[in-house]
Every structure is written in C-alpha cells, then in structure tokens.
Amino acid sequence: MPFVLLLSLNLLFEIMRLFILFAGLFLVLTSCNKYPNDTSSLQDQDLVITHYDATVSWPAYKTYAIGDTVLFLKNKAGRVEADTGYSQYNNRILDNINNNMVAQGFVRVGKNQNPHIAVDVTLINDANIESYTSWYGSSWYWGYPSYGYYYPWPTTTYYKYEVGSIQVNFLDITRVDTSSKRIPLIWGSQAVGTVSSDATYNATRVDRAINIMFEQSPYLKK
Amino acid sequence: MKNIFISAVILVASLQTLKSQGYGPGELSINYNLAIPTSDLADFTSPASFRGLNFQYDYFVTDRISVGGYIGWSGFYEKKEAQSYSFGEGDVGYAINGTRYNYFFSLPIMLKGQYRFIDAGQILPYGALGIGTYYTEHETYIGGYGFKDKNWTFGIAPELGTLLNLGQSGWAFKVAAVYNMNFYNKNNFNSATYIGLNFGFNYDF
C-alpha cells in the first residue's frame, strides 16, 4: 500500500497549498475597493419621512386649521433659539401646506370652528434637540394650555434633528385626552435638511419637500 | 466492507493517470469577472458589475476530470433616483422619500468539479459545478438611514467555459460563464443570482 500512502500525502500537500493560497487571496480580495465611487449632490441628501396612524379612518377627517407662523423647537436648555434667518421661508412653507391640503380635499376653517385636524409646522433651527419630548408645543394656541402631545403607537418614530428640517404634524383635536392632558399626533412628516445655507436652492427644495409629504400620503385624498 | 475499501483504493489509483495534455495535474487561473444580476438582485441593483475578480485552482485526477476550488468577488451598486418607499409596522404606516444607494457584495468560496469535453487540442471546452458558500454584504441607504447585513449562505454555481491554449507554453486564455445561485433568502430576497462572465489566464503546471 505505499503507493496509496504516497498518493494520500500528495493530495494532502495539494490541499494545504490550496488552503494557504486561498487564505492569502482572501486577504487581498477583502482589501479591494468593492464599489465605484459615487457622486452625490445636495438634493441626494434630501429626505422626506412621513408616519401616520394606520388605525384611524382618514376620510372622517375633513376640516383643518393651521397657525399663521412656523414654530421653532426648543433646545436642550429649554430655550427657543433665535431665528437664524430661516423664518423668511415661513409664508412659502405655510402656503405650500395649505395648497396641498386643499388639493387633498380638506376644508380650511378657523381654529375656533371645531376643526378635525390642527396643523402644526415646526422648523428645526438648533442641532441640540434632545428628542421630540421637547417639542415646542403649540397646545395653548389650540386652546389646550399645558397639554402635551403623544403618538398613539408604541413603536419608535424615525426622526432626524438636522438644522433646517421642516416638521409638519397633524393633531387630532377631536380626540383630546382631557384626563391625561394629551393630544394625539396622528400624522407627522419631516423634510430633513430642507432649508439649508444654500439660499438659492432653498425655495425649490421647500416646494419639492412639502409636495412629497402629501404625494406619499395617498390615504389623505378625499 | 473490506471489498469496498479495496475497490475505492483501486478507483483512486486508476484516477492517478497523468494528463495526456499539459504539464502537470494542477492548473491555476486568474479571471476578471463581469457580473450581470438576475431576479431579486436585478431589482435591487440593476446595472452589471464591472468590479470582480476570481482565482481558481484545478487538480486533474484524470485527463478530463478535475477537482478544485475558487474564490472571487463581485460588487454590485446602484444609486436610485429619489422616490417614495412605503412600509408599515403594526398600527403605524411609514413613507420615506429620498435618493437610495444600494450595495451588494458577493464573495463565493467554492469547491468545484470540472469535466473537460475534449482533452487535447488548442480549444478545451468544459462544464463545471461549484458548491460552496457565498459571503455577502448587503447594504442600502436612504438619507442617513439604512442597514448593512453580512451573511454566509449556501450556493451552487454551474459553469460552462473553454480554454484557448497559447501554443505549448502552459498558458491559456480562459473564458467562462457561471450562473451563481446564491440561496440568500434574507432581507426581502428569495435568492441572489447573477451571471458571471470570466475572462482570464490559465496556467498549467
């Protein structure tokens, strides 16, 4: 049987050589550049996130009221940061939202005319926002002073706190919880990083982002 | 039992005949790999991958049959223009709009059996089957959100190809088409399949 032994050794050496070869190649391969480099523009970084309560009957919401200003978020110290120039887009943002709401079939009413939905618009002008618990609430505006807001679902909500982001929230003021003093947020949409330091591009970005908020919410259409 | 052992030894011994063509039982090849995604992978990253390489080793146990293996990689990438994606989690619905960047990296490590249809001449066509594993890195990003997942999955890879001998030098051009069947059934994929086209050099030693 020496021939068989020799044969086995031969095979063993071949396998060992193969193993060493492949181990070396593995190192070479994993260090290679896997993908081509991509080029991304400012617009490629834009993001519009919408989340909504999927349990409510959306056709039942017919009227809305909206404030006449865009709010700012509080920072960690609990203060509202000074306007750093973003407020010049207030009217553009609000007009865009109103146009889209009407196009979806909602009827705008005054805040004292029992609207189904109260629309809050917030602009994040401070990067040091802790979480949405520090929302600069407008509950006083809607007639519920010292009330808080809550999402009627337990899962994590996706947010980014980038300076310049526009946040639009729908408060369901037909279902205010007076015992716990809370108002449910049934729809929220955020345009991340939409208002930037690039002034020439800002206007078109605002228009585009707010249109997308509504385009990607087909259940709002009456 | 003893008879089976003896038969096996005789079988192995009889396989150990030198190839009538070439220099030795071993062959090495290095190949550029162009990959065309199919099925779920084509939905994820539709463009062909021009980034790929593989290294192969074949040990001929007869004139026509070899066993060996290979390791390689292909990197698929696609930047998808901004569009909305909807999904739901329980009682909450989500939609997200942005430019999406998809990446799929596939690294097969295969054992390979090969059969040469012709065992002598300048053109040596063959059929082969690889069985092994694919290491994958699956990534997608939109805005700053995304995920990266690494996996090892089972796969098989049937292959058709040919060698074009460069005289008696031991070197040959190698051209092959490999159907990579990576049974990657994760992250909304049923499988990750792609056709690899190999262009390379083969050295017989």
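As the structure is a computational prediction, the values presented were derived from the model and not from experiment.

Caption draft 1: The arrangement of the pattern of salt bridges in detail. Residue and element names in this part refer to chain A. Within the structure shown, the criterion is met by 10 salt bridges over all chains. In this structure, the salt-bridge partner of Asp-46 is Arg-205, at a minimum N-O distance of 2.2 Å. One end of the pair, Asp-46, is in the loop between α1 (2-30) and β1 (47-53); the other, Arg-205, is in helix α3 (residues 199-215), and 159 residues separate them in sequence. Here Asp-46 and Arg-205 have matching classes, each one buried. Salt-bridge contacts for Asp-172 lead to Arg-175; the nearest nitrogen and oxygen are separated by 2.6 Å. With relative accessibility at 0%, the residue Asp-172 sits in the buried group. Note on Arg-175: relative accessible area 36%, which makes it partly exposed.

Caption draft 2: Structural detail: the packing of aromatic side chains. The final tally for this structure, using the stated rule, is 25 aromatic pairs over all chains. Between A:Trp58 and A:Tyr219, the ring centres sit 5.5 Å apart and the planes meet at 50 degrees, which makes this aromatic pair tilted. Note that A:Trp58 is positioned in the loop between β1 and β2 (63-66) and A:Tyr219 in the segment after α3, a separation of 161 residues in sequence. For the ring pair B:Tyr103 and B:Tyr141, a centre distance of 6.3 Å and an interplane angle of 65 degrees mean the geometry is edge-to-face. Taken together, the positions of B:Tyr103 in strand β4 (residues 92-116) and B:Tyr141 in strand β5 (residues 123-142) put the pair 38 residues apart, joining distant regions of the chain.

Caption draft 3: Layout of the packing of helix α2 (residues 90-104) of chain A against α3(A). Residues and elements named next belong to chain A. In contact at an axis separation of 10 Å, α2 and α3 are set at 30 degrees when each is read in the N-to-C sense. Judged by the angle between their axes, α2 and α3 are roughly parallel. In terms of crossing hand, the pair formed by α2 and α3 is right-handed. Only Ala-203, Val-206, Asp-207, Ile-210, Asn-211 and Phe-214 of α3 make contact with α2, whose side of the interface consists of Arg-92, Ile-93, Asn-96, Ile-97, Asn-100, Met-101 and Gln-104. Looking at side-chain class alone, the contact of α2 with α3 contains seven nonpolar, four polar and two charged residues.

Parameters and conventions
- Residues numbered from 1 in each chain as written.
- Chains lettered and ligands numbered in written order.
- Predicted model: local features only at pLDDT ≥ 70, side-chain atom pairs only at ≥ 80, totals over all residues.
- Heavy atoms only, no water.
- Salt bridge = Lys/Arg side-chain N within 4 Å of Asp/Glu carboxyl O.
- Helix = DSSP H or I, 4+ residues; strand = E, 2+ residues; numbered from the N terminus.
- Buried < 20%, exposed > 50% of the residue type's maximum accessible area, 1.4 Å probe, protein only.
- Phe/Tyr/Trp six-rings, centres within 6.5 Å; stacked < 30°, edge-to-face > 60°.
- Axes fitted to C-alpha atoms, helices over the stretch in contact; angles between N-to-C directions.
- Parallel < 35°, antiparallel > 145°, perpendicular 65-115°, else oblique.
- Left-handed = near helix turned anticlockwise from the far one by under 90°.
- Contact = heavy atoms within 4.5 Å.
- Nonpolar A, V, L, I, M, F, W, Y, C, P; charged D, E, K, R; others polar.

All quantities given are derived from atomic positions and should not be read as evidence of function.
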